[in-house]
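The chain contents come next:
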Amino acid sequence: VGWSWEQLVEVARNAGVPGSHLDIAAAVSLAEHRGNVDPSAVGDLKLQTEKWGPSYGLWQIRSLKPKYLHLEPWRDGSRLADPHFNARAMYRISKGGINFTPWSTFEDGLYRQYLRGVEMGCAPAPACRAALTEATKNWPNRRKTSDGICGDPRHQARVSDHNSGQAWDLSHDPAHGCDAHALVEGIRQRQDKRVKYIISNRRICGPGSSGGGWNWKSYSGNNPHSIHAHVSIWPSARNATGSWFGGATAEAPASTPATTPSAAPPYPGYGGRYGGYNRAEFENKVDGNVRTIQERLNLHLKGVGATQIGADGRFGRKTEDAVKWFQRSRRGMKVDGTVGAKTWGELWK
Ligand SMILES: [Zn+2]
C-alpha cells in the first residue's frame, strides 16, 4: 500500500511506457487512488454489468467477465492485482503508454495534481514561437483557444513533437482573418524546409511522406484538426525564425479577399453536365465567368502568399488545382474542382 511515484514509474517503464509518458502514467495511477496507491485495490463492485467486472489494481483496470475475456485477455480480474500484469494492461489500453483518455482521472484533469515534471522538459522552439507571434501580429484579434507549442498535458499524453516544443498548433479563426487551414496550405505550397509534417482538416502532408512528398493524404487520427492546424518541424529547424506566412498581412488576411469584401454577384447559372464551371467544359474556350472565378481565386491565393494563376478565362489545370485548394480550405465543401453555385458564393467570402 502507498506506492510512490518512483515505484509507479519503474513498473510503467518495465511495461514499455516511453520515457516521455512515464510521468503521466504514474500520475494517472496516483489520481485513480487519490494519492494512496494500493496494488490490490478493487473498484466499485456496484458498477458491474453482465459484461464488465470491477476495476483492479495499480491503474484500476476494468475487468471483463470470464465469458468475454477472450476479447481482451489483459482484463483478467484474477491477475490484475499483480503490478506487472496490471502495468501491461495499462500499456495495452493506453495504446503503448501514450493515450490515457480511457481513464476518467485523465479526462477530468485530476491526474495533473500528481504530475512531477509538468513541462517534461519542453522548451518551445523559437521557430514555433515565431509562427504564433507572426499570426498574432497579422491578425491581432484572432482567437488563440487552440494555440499551442508544448501544449497542455492532454496533448503531451500522446507522442508528438509538442513534447519537444517542435510543433505548433494554430487556432482556426477565419472570422478574424486567421484561416489556419489556408495558411498551412500556403506553407505546403511553398514547401517550407522547416516542416516535418502538417495536419489540417483530416489531412496530413510533409516532405518525406511516402508516395509523393508534400501531397495531402487522409489523416485518420483521433483529432481531426479542424479547429486548429498542426505543423511539426525538424529538430534542425528549431532556430529558423523566418516568416511562416509569406507576407500575408492584416491587409490581406488569409483566404479572404485582399480587397474590401463585396457581396457575391448572383451565380451566372451555368449548369452543364457537371453542374458548374470546370476544366472538362471550359478548358478550350475563353469565358468571362471563368475569368471572374480566376480573379477571385487569385485574391485568396494572394491572401496566403501563394503563387497566383493566370486570369485568362480558360479553365486549365492550374485553375482546377486552385479551385480544389480553395474548396479544401473551406469547411464542408465538396472538393471536385467544379465551381457551382456554392463554390461561387464562397469565393466572395
Ligand atoms: Zn498539435
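Residues numbered from 1 in each chain as written. Predicted model: local features only at pLDDT ≥ 70, side-chain atom pairs only at ≥ 80, totals over all residues. Heavy atoms only, no water.

Trainee: What am I meant to see in the overall build of the protein chain here?
Mentor: Helices and strands together make up the secondary structure of the protein chain, namely 11 helices and seven strands. Split into buried and exposed, the 349 residues of the protein chain put 51% on the buried side. Across the protein chain, the fraction of contacts at a sequence separation of at least 24, relative to all contacts at a separation of at least 6, is 61%. (Helix = DSSP H or I, 4+ residues; strand = E, 2+ residues; numbered from the N terminus. Buried < 20%, exposed > 50% of the residue type's maximum accessible area, 1.4 Å probe, protein only. Contact = heavy atoms within 4.5 Å.)

Trainee: Teacher, can you tell me more about the sheet that holds strand 4 (residues 195-200) here?
Mentor: Each strand in a sheet pairs with its neighbour through backbone hydrogen bonds, running either in the same direction (parallel) or in the opposite one (antiparallel). Pairing is antiparallel in the open sheet, where five strands are placed in the order 3-7-4-5-6. Either end of the sheet is taken by a strand with one partner, and the two such strands are strand 3 (167-171) and strand 6 (217-218). Strand direction decides the pairing type here: strand 4 and strand 5 (residues 203-205), joined by three bridges, are antiparallel. Opposite Ser200, over in strand 5, you have Arg203 as the bridge partner. Of the strands in this sheet, strand 3, strand 4, strand 5 and strand 7 (228-233) touch helix 7 (residues 180-190), which is tilted by about 150° from strand 4. (Pairing = 2+ DSSP bridges. Axes fitted to C-alpha atoms, helices over the stretch in contact; angles between N-to-C directions.)

Trainee: What should I look at first to understand the coordination of the zinc ion in this one?
Mentor: Coordination angles at a metal have ideal targets, namely 109.5 degrees for four tetrahedral donors and 90 or 180 degrees for six octahedral donors. Bound to the zinc ion are the protein donor atoms His162 (NE2), Asp169 (OD), Asp169 (OD) and His230 (ND1), situated 2.1 to 2.6 Å from the metal. Here the zinc ion binds four donor atoms, and the angle range of 54 to 148° at the metal identifies the geometry as irregular. Spacing between the donor residues of the zinc ion along the chain follows H-x6-D-x60-H. Here Asp169, found in strand 3, pairs with His230, found in strand 7; they are 61 residues apart in sequence, far enough to count as distant. (Donors = N, O, S within 2.8 Å, 3.2 Å for Na, K, Ca; no water. Tetrahedral: all angles 85-135°; square planar, octahedral: opposite > 155°, others 65-115°.)

Trainee: Would you mind going over the environment of Phe282 with me for this structure?
Mentor: Mapping Phe282 onto the fold places it in helix 8 (residues 279-282). Given a relative accessible area of 3%, Phe282 falls into the buried group. Between the alpha carbons of Phe282 and Phe315 there is a distance of 5.2 Å; along the sequence they are 33 residues apart. Residues in contact with Phe282, not counting those within four places in the same chain, are Tyr270, Gly276, Tyr277, Asp287, Val290, Arg314 and Phe315.

Trainee: Hey, could you run me through the packing of aromatic side chains in this one?
Mentor: The relative placement of two aromatic rings is captured by the distance of their centres and the angle of their planes. Inspection of the entire model under this criterion finds 10 aromatic pairs. The interplanar angle of 70° and the centroid separation of 5.2 Å between the aromatic rings of Trp168 and Trp244 together place this pair among those described as edge-to-face. Here Trp168, found in strand 3, pairs with Trp244, found in the loop between strand 7 and helix 8; they are 76 residues apart in sequence, far enough to count as distant. As far as the burial class goes, Trp168 and Trp244 line up, both buried. Taken together through their ring pairs, the aromatic side chains of Tyr267, Tyr277, Phe282, Trp344 and Trp348 make up a single cluster. (Phe/Tyr/Trp six-rings, centres within 6.5 Å; stacked < 30°, edge-to-face > 60°.)

Trainee: I tried to follow the environment of Tyr277 on my own but got confused; where do I start?
Mentor: Following the sequence through the fold, Tyr277 ends up in the loop between strand 7 and helix 8. Here Tyr277 falls in the buried class, since its relative accessible area comes to 3%. For the pair Tyr277 and Asn289, spaced 12 residues apart in sequence, the C-alpha to C-alpha distance is 8.5 Å. Among residues more than four places away in sequence, those in contact with Tyr277 are Tyr267, Pro268, Tyr270, Phe282, Asp287, Asn289, Val290, Ile293, Phe315, Gly337, Thr338 and Val339.

Trainee: Help me understand the pairing of strand 3, please; the structure alone is not making it clear to me.
Mentor: For strand 3, a buried count of five out of five residues is recorded, marking the element as mostly surrounded by other parts of the structure. Alternating positions in strand 3 separate into two faces, Ala167, Asp169 and Ser171 on one and Trp168 and Leu170 on the other, with burial throughout. Two strands pair when backbone bridges link them, and strand 3 and strand 7 are joined in this way by five bridges, in the antiparallel orientation. When the sheet's bridge partners are listed, Ser171 is paired in strand 7 with His228.

Trainee: Mind showing me how you'd approach the nonpolar core here?
Mentor: General note: in soluble globular proteins, nonpolar side chains tend to be found buried as a group. Formed by 35 residues in total, the largest nonpolar core has its most connected members in Trp59, Met90 and Trp103. Elements represented by at least two residues in this core include exactly helix 1 (5-15), helix 2 (22-32) and helix 3 (83-93). Top contributing element to this core by residue count: helix 2, with eight residues. With residues up to four places along the chain from it excluded, the contact list for Trp59 reads Leu8, Val11, Ala12, Ala25, Val28, Ser29, Glu32, Asn86, Ala87, Met90 and Trp103. (Core = buried A, V, L, I, M, F, W, Y, C linked by side-chain atoms within 4.5 Å.)

Trainee: Any chance you could explain the packing of helix 1 against helix 2 here in plain terms?
Mentor: Any two packed helices are characterised by how steeply their axes cross, that is the angle between the axes, and by the distance between the axes. Here helix 1 crosses helix 2 at 120°, and the two axes come no closer than 9 Å. Taken together, helix 1 and helix 2 sit at an angle that is classed as oblique. Relative to helix 2, the crossing made by helix 1 is right-handed. On the side of helix 1, the interface is formed by Trp5, Leu8, Val9, Ala12 and Arg13, while helix 2 contributes Leu22, Asp23, Ala25, Ala26, Ser29 and Leu30. (Parallel < 35°, antiparallel > 145°, perpendicular 65-115°, else oblique. Left-handed = near helix turned anticlockwise from the far one by under 90°.)

Trainee: Just checking my understanding: could you explain the pairing of strand 2 (residues 61-64) for this structure?
Mentor: Regular strands place side chains that alternate from one sheet face to the opposite one. Examined bridge by bridge, strand 1 (residues 52-56) and strand 2 share three bridges and lie antiparallel to one another. Counted as the bridge partner of Ser55 is Arg62 from strand 2.

Trainee: Where do I start with the packing of helix 9 (residues 288-303) against helix 10 (residues 317-329) in this structure?
Mentor: The contact between helix 9 and helix 10 brings their axes to 10 Å, and the two run at 55°. Considered as vectors, helix 9 and helix 10 are oriented oblique to each other. Considering only the axes of helix 9 and helix 10, their crossing is left-handed. Facing helix 9, whose interface residues are Gln294, Leu297, His300 and Leu301, helix 10 presents Thr319, Ala322, Val323, Trp325 and Phe326. Taken together, the residues of the contact of helix 9 with helix 10 break down into six nonpolar, three polar and no charged. (Nonpolar A, V, L, I, M, F, W, Y, C, P; charged D, E, K, R; others polar.)

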